[in-house]
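Chains, contacts and geometry: an overview
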Amino acid sequence: MSPASVRIVEVGPRDGLQNEQQVIPAAVKIELIEKLAATGLGSVEATSFVSPKWVPQLADGAEVMAGLRRRPGVRYPVLVPNLKGLENALAAGAEDVAVFTAASEAFNRRNTNAGIEESLRRFEPVLALARERGVRVRGYVSTVLGCPYQGEVALADVTRVAAALFQAGCEEISLGDTIGVGTPRRAAAMLDAVAQAVPMSALAVHFHDTYGQALANILACLERGVRVIDSSVAGLGGCPYARGATGNVASEDVAYLLHGLGMDTGVDLEALAEVGGWISGVLGRGNQSRAGKALLARHTEPADRPAATD
Ligand code: HMG
Ligand code: MG
């Protein structure tokens, strides 16, 4: 990837839809993933293979994977919390998976019923089987800039957990501001700290936009050299185990920022905005993407409309 290329990892179908209260038919999920992949996105996180008791919204992961018409060159990672999850994901034809833990002990217990060290041990057989099958594994670290249960999270903890995942064989580490509390200087300091232990080329950032800081944080991290950014079409989502957290930063807003910086994403922004408008309509929720809404409005409001008089 050239220095001016950025890979957007679209997480809406997983991080977004895991948080919807309503039951979303698998057919809608499949249509969303296929529409997203058609916009030029190289990675679309499709679903998860976690316990259906914990996240019933994604209990249909196998059905979604079975129905998906995959585009060559597009990656469709799925979340797995343990060996059972990986086995189910492999049976469903997944070629990319992601394991997840946190920098905060309290959050990890609420999210996976395990402490951080226990979750790292759980991943050992997952990584071994994935290696054997030639499956790529991404590692997520949640709560890198704050925890809803513990509050402050030490940078040393973020670095230690990220380094442990990388050394265990995760090829990419995504640093998650799960509750969207970070601000640019703190985000940059966190990234700098982790980059002491994990190469920048193996790092991704994952910002939720609860306090409206996500784009500013992303810019700060781009300036530090990160080139992989997670985002969610129309800003879908939240986290079922982090009350009050909003969705991820919207993919349309990220693409607009990156293109404005002269960076290449391979994404057709107009097409992405259409997908954001479509899924917001299907779910009956507001489109959280500012860029998406602006682009869609250009098509619906005539430019030559008489100026309003006061
Ligand atoms: P547990 O209850 O301790 O698990 O949950 P267990 O091993 O004791 O098993 C309990 C039951 O679950 C058993 O079934 C297992 O078979 C079943 P039963 O005998 O009771 O019928 N089970 C499974 N079923 C299907 N697939 C599996 C699986 N594993 C066990 N993989 C567990 C532990 C980790 C399973 C649970 O806590 C869990 O699934 N947690 C997932 C929570 C989750 O998905 N959270 C959201 C994703 S993380 C996130 O959003 C953050 C991120 O976006 C980054 C950021 O923003 O920071 C990535
Ligand atoms: Mg998330």
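Just above, that's the structure.
What this report covers is the structure whose coordinates are included nearby. (Residues numbered from 1 in each chain as written. Chains lettered and ligands numbered in written order. Predicted model: local features only at pLDDT ≥ 70, side-chain atom pairs only at ≥ 80, totals over all residues. Heavy atoms only, no water.)

Quick look at the layout of surface pockets now. Of the volumes computed, that of the second largest pocket is approximately 270 Å³. When grouped by side-chain class, the residues that make up the lining of the second largest pocket number 3 nonpolar, 7 polar and 4 charged. (1 Å grid on protein atoms, 1.4 Å probe; cavity = no way out; pocket = protein on both sides within 12 Å on 5 of 7 lines; lining within 4 Å. Points joined across faces, edges and corners; volume = space filled by probe spheres on them. Nonpolar A, V, L, I, M, F, W, Y, C, P; charged D, E, K, R; others polar.)

Take the site of ligand 1 next. As a matter of local geometry, ligand 1 sits amid 27 residues, with Lys53, Asn111, Asn113, Ser142 and Thr178 nearest to it. Side-chain polar atom of Trp54 to an oxygen atom of ligand 1: 3.4 Å apart, as the coordinates give it. Bound to the protein, ligand 1 loses 76% of the 1,100 Å² it would expose on its own. Among the elements of the structure, α1 (12-16), α4 (83-91), α5 (105-112) and β6 (136-142) are those that each provide at least two residues to the shell around ligand 1. (Near = heavy atom within 4 Å. Polar contact = N/O pair within 3.5 Å; in protein donor to acceptor, adjacent residues only side chain to side chain. Areas by Shrake-Rupley, 256 points an atom, 1.4 Å probe, with all protein chains shown as cover. Helix = DSSP H or I, 4+ residues; strand = E, 2+ residues; numbered from the N terminus.)

Judged by nonpolar contacts, the single largest core of 90 residues is most densely connected at Val78, Val80, Val97, Val141, Ile173, Leu175 and Leu203. Apart from the residues within four sequence positions on either side, Leu203 is in contact with Ile173, Leu175, Leu191, Val194, Ala195, Val198, Val226 and Val228. Val9, Val11, Phe100 and Val228 belong to the second largest nonpolar core, which has 8 residues in total. (Core = buried A, V, L, I, M, F, W, Y, C linked by side-chain atoms within 4.5 Å. Buried < 20%, exposed > 50% of the residue type's maximum accessible area, 1.4 Å probe, protein only. Contact = heavy atoms within 4.5 Å.)

A separate point is the pairing of strand β7 (residues 172-177). Most of β7 sits inside the fold, with 6 of its 6 residues counted as buried. Alternating positions in β7 separate into two faces, Glu172, Ser174 and Gly176 on one and Ile173, Leu175 and Asp177 on the other, with burial throughout. The pairing of β6 with β7 spans 4 bridges and is classified as parallel. Looking at the pairing, Val141 lines up with Leu175 of β7. Between the parallel elements β6 and β7, the chain passes through helix α7 (residues 155-168) in a crossover that is right-handed. As paired elements, β7 and strand β8 (residues 203-207) share 5 bridges and run parallel to each other. Along β8, the bridge assignment pairs Asp177 with Phe207. With helix α8 (residues 184-195) bridging β7 and its parallel neighbour β8, the resulting β-α-β unit is right-handed. (Pairing = 2+ DSSP bridges. Right-handed = clockwise from strand over helix to strand, strands pointing away.)

Counting buried residues in strand β5 (residues 96-102) gives 7 out of 7 residues, a clear majority hidden from the surface. Burial along β5 is two-sided: Asp96, Ala98, Phe100 and Ala102 facing one way and Val97, Val99 and Thr101 facing the other are all buried. Across 2 bridges, strand β4 (residues 78-79) lies against β5 in parallel orientation. Note that in β5 the partner of Leu79 across the bridge is Ala98. The parallel pair β4 and β5, bridged by α4, forms a crossover whose chirality is right-handed. Looking at chain direction, β5 and β6 are connected through 7 bridges and run parallel. Pairing of Val97 across the sheet is with Val137, part of β6.

With that out of the way, let us pick up the coordination of the magnesium ion (ligand 2). Here the magnesium ion (ligand 2) is held by Asp15 (OD), His206 (NE2) and His208 (NE2), and the distances to it run 2.1 to 2.3 Å. As a motif over one chain, the donors of the magnesium ion (ligand 2) read D-x190-H-x1-H. (Donors = N, O, S within 2.8 Å, 3.2 Å for Na, K, Ca; no water.)

A few words now on the pattern of salt bridges. Following the criterion strictly, the structure yields 18 salt bridges and no others. For Arg69, the salt bridge goes to Glu34, with nearest N and O atoms at 2.7 Å. You can see Arg69 sitting in the loop between α3 (61-67) and β4 and its partner Glu34 sitting in helix α2 (residues 26-37), a full 35 residues away along the chain. Residue Glu34 is classed as buried on the basis of its relative accessible area, which comes to 17%. Arg75 is the partner of Asp96 in a salt bridge, and the nearest nitrogen-oxygen pair spans 3.3 Å. (Salt bridge = Lys/Arg side-chain N within 4 Å of Asp/Glu carboxyl O.)

For the structure on display, the rule yields 1 cavity of 30 Å³ or more. Roughly 120 Å³ of volume is contained in the largest cavity. What lines the largest cavity is simply Arg7, Val9, Ser43, Arg75, Pro77, Asp96, Val97, Arg136, Val137, Arg138, Glu171 and Glu172. Contributions of two or more residues to the lining of the largest cavity are made by β1 (7-10), β5 and β6. In terms of residues, the lining of the largest cavity owes the most to one element, β6, which gives 3 residues. When the residues that make up the lining of the largest cavity are grouped by side-chain class, the tally is 4 nonpolar, 1 polar and 7 charged.

Our focus in this paragraph is the environment of Arg298. Mapped onto the fold, Arg298 is located in helix α12 (residues 290-300). A relative accessible area of 55% means that Arg298 is categorised as exposed. Separated by 197 residues in the primary sequence, Arg298 and Thr101 have C-alpha atoms spaced 41 Å apart. Reaching out from Arg298, the side chain makes a polar contact with the side chain of Glu270 at a distance of 2.8 Å.

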